[in-house]
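The primary structure of each chain is shown beneath.
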Amino acid sequence: MSETTERWGSRRAFILAVTGAAVGLGNIWRFPYMTGENGGSAFLLLYIGFVLLLGLPVMMAEIMIGRAGRRGPMQALAHLAVSGGRTPHWRWLGLFGAITMFFILSFYSVVSGWSIEYLVDSLKGDFSGMSPPEIGASFGTFLEDPVTMTFNHTVFMLMTMSVVAAGISSGLERLNNLMMPLLYVLLLALAGYSISTPGFGPALSWLFMPNPSAITLDVMLNAMGHAFFTLAVGACALMAYGAYMPERQSLPTAAIAVAALDIGVALLAGIAIFAAVFSQGMDPASGPGLMFVSLPIAFANLPGGSVLLALFFLLLLLATWTSSINIAEPIVEVLEGWGLKRRHAALVVGVSVWAMGLLSVLSFSSLKDVHVLGEMNVFDAVTTIPPDFFLPIGGLLIAIFAAWVMPQNRALAGLGTSRGFFRTWRWVLRWISIPLVVVVLGWSFFK
């Protein structure tokens, strides 16, 4: 496969595309409940620190490899390895990343289907007047309905793959340019509204008041793992976008902008969600059900709660839509590298991911008694193993490739910075980021 000649239309388009890949369930669904379960401000401050020390350097490495190779992930890794006198078998890292994204996209689509259902229910005002036990029971009833779950899963996959099939400029770039600013407008509106609620002050204290006593080894390790997950690092997705990066764009500046936007989404979502939760005197440590059980309960008794709840689920849907499109892109690129046309590759990926997603759908009904690796059902396994195991493995190998394997001159050119900044970045990658990834990976295996 020769070098690609296609480029993002502007520097802004590239930043929005990478932000679209990073911003999704990790920011709006996973961050609030992880923060709630891990000490509030203690988790937040550690998470930001690990984004800077772990996520950002590895993100730069992943984008740099794609930019230096100007090919799909598999072809770029093989080309750069061979140019440095190393084995072309590094290409299989690109396939490993695509497999990781395949599993993640399968549960992304299912959970995004939940947001479609709850968006419609919120617009109809179904949660108004319902008691907390009734709202909790309605979520359980929905999960046990495979027909409705499959319908929403199917709708979301059609939304995703129709954009991917259109290509970079006609599909991804156009959607990112529209949806990412809209996502921030919705977030700012919801966070602005939260100022008027009685829970706003407690929410700020929970998120930002230093609480050193809450820092434990588990909290530190959870913060590291989440920093990895929320930046979409470790599966070669960002490598695919680096291949289309404009020549004159500063990679470090773009990566820092993406990290700042990613953290900003998490903070705004956290403020809005916790303000609603504290306004109703609820427990912030409600686990994964915070978005789909606690939030409807919290908004059910607020003025205009149905509208606000609908905005939240619209926000979640937009975030997961842009993220899933960006997740699907590198999987499609692998098949394109094997000779398939884009539309055919998108069809194959869409049908395969949809079929895999059915296992997650059925894990709450007909497959609820099927367990893998101990007590996990299929959905638990798919939502745990790829983020906690596959992403750290991929990130570690990407960092090793960038720091030790690919030719230094190609890495310097791909990073597009001064030699002094390059040396600093490579030192951080070798002696800080890689050891931290090893810690995260070790914790994932032995926790």
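This text goes with the structure placed above it.
Residues numbered from 1 in each chain as written. Predicted model: local features only at pLDDT ≥ 70, side-chain atom pairs only at ≥ 80, totals over all residues. Heavy atoms only, no water.

What about the overall build of the chain?
Logical step 1: Helix and strand content of the chain: 18 helices and 0 strands.
Logical step 2: In terms of overall dimensions, the chain is globule-like: its C-alpha atoms have a radius of gyration of 21 Å, near the 22 Å expected for 447 residues.
Logical step 3: Over its C-alpha atoms, taken along the principal directions, the chain stretches across nearly 65 × 50 × 45 Å.
Logical step 4: With 447 residues in all, the chain has 61% of them scored as buried.
Logical step 5: The long-range fraction of contacts in the chain, counting pairs at least 24 apart against all pairs at least 6 apart in sequence, stands at 83%.
Logical step 6: Carbon and sulfur atoms provide 67% of the accessible area of the chain, an area that totals close to 16300 Å².
Logical step 7: The positive charge centre, built from 22 side chains, and the negative charge centre, built from 22, are 20 Å apart in the chain. (Helix = DSSP H or I, 4+ residues; strand = E, 2+ residues; numbered from the N terminus. Rg over C-alpha atoms; globule rule 2.2 N^0.38 Å. Buried < 20%, exposed > 50% of the residue type's maximum accessible area, 1.4 Å probe, protein only. Contact = heavy atoms within 4.5 Å. Areas by Shrake-Rupley, 256 points an atom, 1.4 Å probe, with all protein chains shown as cover. Lys, Arg positive; Asp, Glu negative; His and termini not counted. Charge placed at Lys NZ, Arg CZ, Asp CG, Glu CD.)

Details of the pattern of salt bridges
Logical step 1: In this structure the tally under the stated criterion is 5 salt bridges.
Logical step 2: One salt bridge in this structure joins D121 and K124, with 4.0 Å as the shortest N-O distance.
Logical step 3: For D121, a relative accessible area of 14% translates into the label buried. (Salt bridge = Lys/Arg side-chain N within 4 Å of Asp/Glu carboxyl O.)

Topic: the nonpolar core
Logical step 1: Residues Y47, I65, W114 and F292 are the most contacted members of the largest nonpolar core, which totals 159 residues.
Logical step 2: Looking at which element gives the most residues to this core, the answer is helix α12 (residues 251-279), with 18 residues. (Core = buried A, V, L, I, M, F, W, Y, C linked by side-chain atoms within 4.5 Å.)

Topic: the environment of A403
Logical step 1: Residue position: A403 is located in helix α16 (residues 378-405).
Logical step 2: For A403 and T87, which are 316 residues apart along the polypeptide, the C-alpha to C-alpha distance reads 16 Å.
Logical step 3: Excluding residues that lie within four positions of it along the chain, A403 makes contacts with R426, L429, R430 and I434.

Side note on the packing of helix α3 (residues 41-69) against helix α10 (residues 217-230)
Logical step 1: Their axes nearest at 8 Å, the elements α3 and α10 cross at an angle of 55°. Considering the angle they form, α3 stands oblique to α10. Here the hand of the crossing between α3 and α10 comes out right-handed. On the side of α3, the interface is formed by A42, F43, L46, Y47, F50, V51 and L54, while α10 contributes V219, M220, N222, A223, M224, H226, A227, F228 and T230. (Axes fitted to C-alpha atoms, helices over the stretch in contact; angles between N-to-C directions. Parallel < 35°, antiparallel > 145°, perpendicular 65-115°, else oblique. Left-handed = near helix turned anticlockwise from the far one by under 90°.)

What about unusual backbone geometry?
Logical step 1: In this structure, R70 takes a positive phi of about 50° despite not being glycine.
Logical step 2: Inspection of the secondary structure puts R70 in the loop between α3 and α4 (73-83).
Logical step 3: The phi angle at A232 is positive, at roughly 60°, despite the residue not being glycine.
Logical step 4: Mapping A232 onto the fold places it in the loop between α10 and α11 (237-242).

Focus on the packing of aromatic side chains
Logical step 1: Inspection of every chain in the model, using the stated rule, returns 26 aromatic pairs.
Logical step 2: Aromatic side chains F107 and Y108 sit 6.0 Å apart centroid to centroid with 45° between the ring planes, which places their arrangement in the tilted category. Taken as a pair, F107 and Y108 share a single burial class, namely buried.
Logical step 3: Three or more aromatic residues joined by ring pairs make a cluster, and in this case those are W114, Y118, F127, F139, F142, F292, F313, F364 and F379.
Logical step 4: The positively charged end of R30 is found above the aromatic ring belonging to F229, 5.0 Å away from the centroid.
Logical step 5: Over the ring of W404 we find R430, and its NZ or CZ is 3.7 Å from the ring centre. (Phe/Tyr/Trp six-rings, centres within 6.5 Å; stacked < 30°, edge-to-face > 60°. Lys NZ or Arg CZ within 6 Å of the ring centre and 35° of its normal.)

Worth remembering: the numbers are spatial, not functional.
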